Each structure stands twice: as structure tokens, then as C-alpha cells.
Amino acid sequence: MDQVIIGVDTHKDNHVAVALDAQGARLGSTTVSTTRKGYHDLEAWALQFGRVKAFGIEGTGSFGAGLSRHLLAKGHDVRDVMRPNRQLRFLHGKSDSLDAESAARSVLNGQARAHAKTQTGSSEMIRHLKVARDSAVKAKSQAMITLKTLIVNAPAELRDTLDEIRGRIALVRHVAALRPGEITSPIASAKTAMRAIARRWLALHEEIQSHDQELDRLVREKAPELMKSHGISTMTVAEMLILVGDNPERIHSEAALAKLCGVCPIPASSGRINRMRLNRGGNRQANAAIYRVAIVRLRDDERTKAYAARRTSEGKTRREIVRCIKRYIVREIYRQLCISHPNAPAA
């Protein structure tokens, strides 16, 4: 039977799929619901055209995550497809069917080469916990800002009392223990508001600590050797594990990981000008984590200091040196997370 390519445009409530043959001819289209039955129906519909070479799914990390996991569990080749080019949309119009066909053609012509994450192992567990932790950290910062604003604007008698307390934790615990009583004055209302926010801050503080403990345990089980590296913390490894996913064999080379992190330079040559420019793409959270490791190593790692001194004598600027160090850090991470994996390709 002929091989077919399936492109899928994903949405919250339904997915639209289009089938193409090996020559690019359109074979048919269908719409299924975003349920287990819908995923099964889409797979059965695709197999009626022949052997499916690959599924190209737009948004495997969001609306297409459920379908992607279902197809990967069935042994299918699932490719992560980027959104259609805006210029093509302007020229040819937009519809769910056209977007699904565009996804299939991007797989057919070789543009969509990235394999989807399996999202079924400890890396996915780490991602869930880190999402909750990051949200709690943001809410905790906002609570502290609001509390300090209330203290600054509080009646003088209350503000003078709170200004005498030293230490953020001590201040929050003191405010959380206030007893405003019945709200009959601005002081009582200020105490009520500040107590509520202080207790919220303490609850978020405990939640973050709980997430940190679980993340540290999961990260040490997944990448114990990488945790021993200088300047690499739990959150750095967690960010890289989320980026790599539970199937690191999909990252075929060190350069591919560097591109995912936005660490590799981008060629920007034209005519007689031959140069490279800074890469502003890739996963910016992972890029920021690698940057923090580079700064820590520049500060107190002797080998990195010696390297920076040598490159400085060669005329490199500090920014250029940091970019070089980030590239070396990616190499170290690749060797620990990808090459050491039993299913990873040999270097």
C-alpha cells in the first residue's frame, strides 16, 4: 500500500486532519473531537488510505498534546509542525482544512523534522511542577509588593509599629498574626487587608518550598551527574529536562540542542560582509538558565576564569566570551542528558 502523510490542525474542542499521498495529492479530510474516541477515529481514518509515514501535528505541546501522546503510544511517527507562514496565509487564505494540509506538506517536503515529545515520563512531571512553582513565585512577589504598599499607606500609628520590625519573614509573620477585630476604623481595615495578604504570602512560601523539594528529588533521579556540575542548580537542570523531554533521542546532535536553546549564532552575511548575529530565538527560559550558569562560572570557577582571560587577550569582548561559555555549557548538558540516554544516537 502507498505511504500517506497526515496533517492535523489542532483546536480545543476538535481537530481537523488532511491526508496526502507520497506525490502530494490530497486524499481526504476529516474532523474529530478531542477525546480518546476522537483520537482513535482519526487513526482509523488515516490507516484506511494506506501505511501512514508520519503525522504532522501543529501544537504538540498545547492543543495537540493529547493526540500526539495517543499516536506515539501506538508507534506512529509524529512530527511537530510550526504554524503556517503568514505570507502564504495572506496569498492563499486561511481555514482549518488549509492549515491541516499545510502541516502535511511541511512533513512531505522535509521542513517539519522535529519529533514530538512523548510527554509520558519524569520530564513531563517536572514540567507540571515547575509550572505550578513559577505561578506561585509570581503570585508571592505580587503579594509582597501589595503588602509593602499597604504598609507605606497605612495610618501613621500602625506604620511606625511595623517599621520597627527587621527582616522580611519576621514582618510577614507579625502581620499574619494581627487581630484587627471589628472593622470600625482605617486601622482595623488596614490590619485586615494586610493580614490577608501576609497569610497568602506564607501559604505561597510553603507551596514553593514543597515544589522545590519534589523538583529536587525528580531532577536528582533523572540527571544525578549533571547536578554535580559547577554552577548548575536544580532549576537549571529542570529547565533543560523540560526542553529535552522524555525522548532525548529526538535531539540528534549537540548543535541541535544549542539551536533549541537559542545559543547557536545565526548567519547574517551579505555580499562582501561575512558575519554572524545573536540568536534571539529558541527557548528563552533555557537560554536564561544557561546564562546564569555562565555568570556563576565566570565569577568563581578557575577554569572558566582562565578561559575568559585567554579569550580577552585575543580581543574578545565580555559578551562574546559569555556566548562562547554558554556554547560549552550546552555541550556538557548534551553529553549528560542526550548521549548517556540508552536510546540516544552515538556521538
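Everything discussed here concerns the structure shown above.
Worth saying up front: this structure is predicted, and the values here are computed from it rather than measured. (Residues numbered from 1 in each chain as written. Predicted model: local features only at pLDDT ≥ 70, side-chain atom pairs only at ≥ 80, totals over all residues. Heavy atoms only, no water.)

**Brief notes about the side chain of aspartate 301**
Argument step 1. Following the sequence through the fold, aspartate 301 ends up in the loop between helix 11 (284-300) and helix 12 (302-313).
Argument step 2. Of the side chains with opposite charge, arginine 297 comes closest to the buried, unpaired aspartate 301, at an N-O distance of 5.5 Å.
Argument step 3. Other than its neighbours up to four places away in sequence, aspartate 301 contacts His230 and Val296. (Helix = DSSP H or I, 4+ residues; strand = E, 2+ residues; numbered from the N terminus. Buried < 20%, exposed > 50% of the residue type's maximum accessible area, 1.4 Å probe, protein only. Lys, Arg positive; Asp, Glu negative; His and termini not counted. Salt bridge = Lys/Arg side-chain N within 4 Å of Asp/Glu carboxyl O. Contact = heavy atoms within 4.5 Å.)

**Re the packing of helix 5 (residues 122-152) against helix 9 (residues 234-244)**
Argument step 1. Interaxial distance between helix 5 and helix 9 falls to 9 Å at its minimum, and their mutual angle equals 125°. By the angle between their directions, the pair helix 5 and helix 9 is classed as oblique. Relative to helix 9, helix 5 is oriented so that their crossing is left-handed. Here Ser123, Ile126, Arg127, Lys130 and Arg133 of helix 5 come into contact with helix 9, specifically with Met235, Ala238, Glu239, Leu241 and Ile242.
Argument step 2. Across the contact of helix 5 with helix 9, the residue classes tally to five nonpolar, one polar and four charged. (Axes fitted to C-alpha atoms, helices over the stretch in contact; angles between N-to-C directions. Parallel < 35°, antiparallel > 145°, perpendicular 65-115°, else oblique. Left-handed = near helix turned anticlockwise from the far one by under 90°. Nonpolar A, V, L, I, M, F, W, Y, C, P; charged D, E, K, R; others polar.)

**So, helix 13 (residues 318-339)**
Argument step 1. Its 22 residues place the ends of helix 13 31 Å apart at the C-alpha level, agreeing with the 32 Å of an ideal helix rising 1.5 Å per residue.
Argument step 2. Within helix 13 the residues assigned to the buried category are Ile321, Val322, Ile325, Lys326, Ile329, Val330, Ile333, Tyr334, Leu337 and Cys338. (Expected span 1.5 Å × (residues − 1).)

**Looking at the environment of glutamate 207**
Argument step 1. Tracing the backbone shows glutamate 207 in helix 8 (residues 186-222).
Argument step 2. Residue classification places glutamate 207 among the partly exposed residues on the basis of a relative accessible area of 32%.
Argument step 3. Each C-alpha atom, one on glutamate 207 and one on alanine 136, is 7.3 Å from the other, the two residues being 71 residues apart in sequence.
Argument step 4. Non-local contacts of glutamate 207, meaning those with residues more than four positions away in its chain, are made with Ala132 and Ala136.

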